[in-house]
Amino acid sequence: MEQAVLIANVQQFTAIAIGLMIGLAGVGAAIGVALVGAKFLEGAARQPESAAALQPKLFVIAGLVDAIFIITVAVALMFAFGNPLVALIK
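Residues numbered from 1 in each chain as written. Predicted model: local features only at pLDDT ≥ 70, side-chain atom pairs only at ≥ 80, totals over all residues. Heavy atoms only, no water.

What follows covers the overall build of the protein. When you go through the protein residue by residue, the secondary structure sums to three helices and zero strands. In the protein, the order of α-helices and β-strands from amino to carboxyl end is α-α-α. Taken over the C-alpha trace, the protein has a radius of gyration of 20 Å; the compact-globule value for 90 residues is 12 Å, which it surpasses by more than 25%. Taken over the C-alpha atoms alone, the protein extends approximately 70 × 15 × 10 Å along its principal axes. Among the 90 residues that make up the protein, the fraction classed as buried is 22%. Sequence separation of at least 24 residues holds for 76% of the intrachain contacts in the protein that already meet a minimum separation of 6. Split by element, the accessible area of the protein, about 6400 Å² in all, is 76% carbon and sulfur. Taking the average place of the 4 positive charges on the side chains of the protein and the average place of its 4 negative ones, the gap between the two points comes to 4 Å. (Helix = DSSP H or I, 4+ residues; strand = E, 2+ residues; numbered from the N terminus. Rg over C-alpha atoms; globule rule 2.2 N^0.38 Å. Buried < 20%, exposed > 50% of the residue type's maximum accessible area, 1.4 Å probe, protein only. Contact = heavy atoms within 4.5 Å. Areas by Shrake-Rupley, 256 points an atom, 1.4 Å probe, with all protein chains shown as cover. Lys, Arg positive; Asp, Glu negative; His and termini not counted. Charge placed at Lys NZ, Arg CZ, Asp CG, Glu CD.)

Next comes the structure, spelled out in structure tokens:
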């Protein structure tokens, strides 16, 4: 019975951690993409002739920022469906 309670506690705290991981990563990615977009628009407004050179850099950096979020979601799904912490209890 004690082992079942311990497993339930690990799963409870894992669910809280998954929510925090996805939530904070989502907020961070949204802020990051917003800042990159704002700086792109600011740079394009200051020098319109450089907008064509800045646009590919915008998409690369936005893709890298979104990749961090996707990696965080993958780690969260690993903890959700194949929690290695529960295996340590058994």
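From this point, things continue past the structure.
By the definition in use, this model includes two salt bridges. Notably, a salt bridge pairs Glu42 with Arg46, separated by 3.6 Å at the nearest N-O pair. In this pair, Glu42 and Arg46 are both assigned in helix H1 (residues 2-46), four residues apart and thus about one turn of the helix distant. Within this structure, Lys39, Glu42 and Arg46 form a network of salt bridges that share partners. (Salt bridge = Lys/Arg side-chain N within 4 Å of Asp/Glu carboxyl O.)

Here the focus is the environment of Val86. Positionally, Val86 belongs in helix H3 (residues 84-89). The residues contacting Val86, other than those within four sequence positions of it, are Ile7, Val10 and Gln11.

Take helix H2 (residues 51-81) next. Compared with the 45 Å implied by 1.5 Å per residue over 31 residues, the 44 Å span of H2 between its first and last C-alpha is a close match. Those residues of H2 lying buried are Ala51, Leu58, Ala62, Val65, Thr72 and Ala76. On the buried face of H2, the contacting elements are H1. (Expected span 1.5 Å × (residues − 1).)

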